[in-house]
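# Analysis of the macromolecular model
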Amino acid sequence: MKYRFIPHYTEEEIKEIQIQGLKNTIKHAYNGSEFYKQRLKDAGITPEDIRSLDDLKYLPFTTADDLRENYPFPFLSVPQKDVVRIHSSSGTTGKRKVLAYTQNDIETWKNMMARCFELAGLNEEDRVQIAVGYGLWTAGVGFQLGCEHFGAMALPLGPGNLKMHLQFLLDLRPTCLCSTASMALLLAEEVQKLGLNPDEISLKKALFGAEPHTPKMRKRVEEILGLEHTFDIPGMTELYGPGTGLECMAHMGIHYWADIFILEIINPETLEPVSDGEIGEMVVTTLKKEASPLIRYRTRDLSRKIPGVCPCGLKMPRHDKILGRSDDMFIFRGVNIYPGTIAEVLEKFKEISSEYQIILTRKNGVDHMLLKVERSKGVSKDIDANLAKEISNALRKQLLVRVEVEIVDLGKLPRTFGKSKRVIDERED
Ligand code: DLL
């Protein structure tokens, strides 16, 4: 396959780019940012010490707390006059994270995003409905930059406003949707409510990112909208924005742009690299970021590298879908639980939809977990009691805790245009 935007590097070539990029980044950050200079000095490292990719392990980690505590620009490594844009994301606590971009950073990002559209098999005839937020968030502008650079037609609607989305679906006949899986589900359900059938809609593909989604959620949207392919697209504000990689048509993991950043997977407890193929925390080091380079930045996202060569033939390495964030974990009666593990158990029950909500409460010092799920279309209410028991038993087997399960009508759980919130923790500290 000949690509216009995706480079065909061999493993050796990628290694060479990574070592050169690592050397450049360390030198650039050391000389450009007081924060980085101090951090590297504290670790006893000067730029000359970096000779091979093996030296990566001697570099200190950085975290979102570094960004917040040294707000607003700790990573800034160029004079402010070279900054052409900032983006920001809220995270869960404290100050916002602010990241700066030079013109070259924007160029790199738009190229990354163009590669994503190319890997998804789009061409210049495609029309791309962008249904994610614009503004400080990287999502909308990232998709748009990449789409225009790629040469397809961008329809920059943003999230929400289902009426307008539907009107555009029918009148302008977009072929690709870019959104969170949650927004796509809302749109699909609206299409279903109106009784439109997939032939009336010209959408063929969708790129889902910004939050984890389950196979069930994907399948439901694919069926209602009559999609041929959906693709998982990861990304984060600190690493430009959306488009750090994309699933290919083989759908066997996400190819990530290893000529633009180094991905390590570490054990979040010991901080040591895990063995190849094992799950751990994703840690990223950028190779050409100018304004806000990242050195061993702990993303808190959990995934694993996928060893071997992809059947699609592309040599860019792969990681698995993001399985969740280490800070999504909650402790319930002494047990560490990830919402993703609950989603995995629910995946096996055909009688319920893709949506779920976990509500944690505490009464007289005792924790209680209520899991709300929706009955699928055409499933009778009569089986509610039995089904709830079955789900509760399956969860107990997996998590070793008791979960009360409530089954509600389809469409009763909250829907969102952006990232879904699955856990509501009402326990007081
Ligand atoms: O969510 C960037 C983005 C926008 C990516 C649109 C894809 C599409 P942040 O708001 O900084 O940036 O949030 C980044 O979102 O660390 C993950 O925890 C989560 N995330 C992003 N993409 C995925 C995905 C954008 N495909 C954080 N699957 C990341 C699972 C994802 N989680």
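For the structure, see preceding data.
Attention here is on the structure that accompanies the text.

Conventions adopted
Residues numbered from 1 in each chain as written. Predicted model: local features only at pLDDT ≥ 70, side-chain atom pairs only at ≥ 80, totals over all residues. Heavy atoms only, no water. Helix = DSSP H or I, 4+ residues; strand = E, 2+ residues; numbered from the N terminus. Rg over C-alpha atoms; globule rule 2.2 N^0.38 Å. Contact = heavy atoms within 4.5 Å. Areas by Shrake-Rupley, 256 points an atom, 1.4 Å probe, with all protein chains shown as cover. Lys, Arg positive; Asp, Glu negative; His and termini not counted. Charge placed at Lys NZ, Arg CZ, Asp CG, Glu CD. Salt bridge = Lys/Arg side-chain N within 4 Å of Asp/Glu carboxyl O. Buried < 20%, exposed > 50% of the residue type's maximum accessible area, 1.4 Å probe, protein only. Pairing = 2+ DSSP bridges. Axes fitted to C-alpha atoms, helices over the stretch in contact; angles between N-to-C directions. Right-handed = clockwise from strand over helix to strand, strands pointing away. Phe/Tyr/Trp six-rings, centres within 6.5 Å; stacked < 30°, edge-to-face > 60°. Lys NZ or Arg CZ within 6 Å of the ring centre and 35° of its normal. Near = heavy atom within 4 Å. Polar contact = N/O pair within 3.5 Å; in protein donor to acceptor, adjacent residues only side chain to side chain. Nonpolar A, V, L, I, M, F, W, Y, C, P; charged D, E, K, R; others polar. Patch = residues over 30% accessible without salt bridge, like charges linked within 9 Å, V, L, I, M, F, W, Y side chains within 5 Å. Arc of directions from axis to C-beta.

To continue, consider the overall build of the protein. Broken down by element type, the protein carries 10 helices and 21 strands. A globule of 429 residues ought to have a C-alpha radius of gyration of about 22 Å, and the protein, at 22 Å, matches this closely. Its C-alpha atoms give the protein principal-axis dimensions of about 70 × 55 × 40 Å. Nonlocal contacts in the protein, meaning residues at least 24 apart in sequence, comprise 67% of its contacts between residues at least 6 apart. Carbon and sulfur atoms form 50% of the exposed surface of the protein, whose accessible area is close to 19,800 Å². Across the protein, the centroid of the 58 positively charged side chains sits 2 Å from that of the 61 negatively charged ones.

This next bit is on the pattern of salt bridges. A full pass over the atoms with the stated rule returns 24 salt bridges. When the shortest N-O distance is used, the salt bridge between Arg115 and Asp259 registers 2.8 Å. With Arg115 in helix H4 (residues 103-119) and Asp259 in the loop between strand S9 (254-256) and strand S10 (261-266), this pair connects stretches of sequence that are 144 residues apart. Across the pair, Asp259 and Arg115 agree in class, each one buried. A salt bridge links Arg415 to Glu374; the shortest N-O distance between them is 2.9 Å. Taken as a pair, Arg415 in the loop between strand S20 (404-408) and strand S21 (423-425) and Glu374 in strand S19 (residues 366-375) lie far apart in primary sequence, 41 residues in all. Overall, Glu374 belongs to the buried group, its relative accessible area being 0%. Through salt bridges with shared partners, a single network forms among Glu189, Arg220, Glu374 and Arg415.

It is worth spelling out the sheet that holds strand S3 (residues 127-130) at this point. The strand order across the open sheet built from five strands is S4-S3-S5-S6-S7, with neighbouring strands paired in parallel fashion. The outermost strands of the open sheet, each flanked by one partner alone, are strand S4 (153-156) and strand S7 (229-233). On average, adjacent strands in this sheet sit at an angle of 20° to one another, irrespective of strand direction. The sheet contact formed by strand S6 (residues 205-209) and S7 spans five bridges and is parallel. In the sheet register, Lys205 faces S7, and the bridge partner there is His229. Of the strands in this sheet, S6 and S7 are in contact with helix H8 (residues 215-225), which crosses S7 at around 140°.

Turning next to the pairing of S20. Pairing analysis gives five bridges linking S19 to S20, with the strands arranged parallel. Residue pairing in the sheet places Leu371 in a bridge with Val405 of S20. The β-α-β motif built from S19, the intervening helix H10 (residues 384-399) and the parallel element S20 has right-handed crossover chirality.

Bringing the packing of aromatic side chains into the picture now. Overall, the coordinates contain eight aromatic pairs when judged by the stated rule. Ring geometry for Phe75 against Tyr297: centres 6.3 Å apart, planes inclined by 85°, an arrangement best described as edge-to-face. Here Phe75, found in the loop between helix H3 (64-69) and strand S1 (83-89), pairs with Tyr297, found in strand S12 (residues 297-303); they are 222 residues apart in sequence, far enough to count as distant. The pair formed by Phe75 and Tyr297 is uniform in burial state, with each residue classed as buried. For the ring pair Phe117 and Phe150, a centre distance of 6.2 Å and an interplane angle of 35° mean the geometry is tilted. Of this pair, Phe117 sits in helix H4 while Phe150 is found in helix H5 (residues 139-150), placing the two residues 33 residues apart along the sequence. By the burial criterion, Phe117 is buried, and Phe150 matches it. One aromatic cluster in this structure is built from Phe35, Tyr36, Phe75 and Tyr297. Cation over ring: Arg4 sits above Phe150, and NZ or CZ is 5.7 Å from the ring centre. Positioned above the aromatic ring of Trp257 is the side chain of Arg115, whose terminal nitrogen or guanidinium carbon lies 5.1 Å from the ring centre.

This part is about the site of the ligand. In the vicinity of the ligand lie 20 residues, with Trp137, Asp232, Thr237, Asp301 and Lys419 positioned nearest. At 3.0 Å from an oxygen atom of the ligand is found a side-chain nitrogen or oxygen belonging to Arg325. Contact with the protein chains removes 93% of the 610 Å² of surface that the ligand exposes when unbound. Contributing elements (two or more residues each) for the shell around the ligand: H5 and S7. Looking at side-chain class alone, the shell around the ligand contains 10 nonpolar, five polar and five charged residues.

Turning our attention to the sheet that holds strand S13 (residues 305-306). On the basis of which strands lie adjacent, the open sheet formed by four strands has the order S8-S9-S14-S13 and antiparallel pairing. Two strands bound the open sheet, and with one partner strand each, they are strand S8 (245-247) and S13. In terms of strand pairing, S13 meets strand S14 (residues 318-319) through two bridges, oriented antiparallel. Its bridge partner lying in S14, Ile306 is registered against Arg318.

A few words now on a nonpolar patch on the surface. A surface patch of nonpolar side chains, about 240 Å² in accessible area, is lined by Phe73, Ile86 and Leu136. Looking at the secondary structure, you find Ile86 in strand S1.

This part is about helix H2 (residues 34-42). Listing the buried residues of H2 in full gives Phe35, Tyr36 and Leu40. Along the axis of H2, the buried residues cluster in a sector spanning 120°; they form a single face. In H2, the exposed positions that point more than 90 degrees away from the buried face belong to Glu34 and Asp42. The inward-facing, buried residues of H2 contact helix H1 (11-32) and H3. For H2, the capping residue at the N-terminal end is Ser33, with a side-chain oxygen 3.3 Å from the backbone nitrogen of Phe35.

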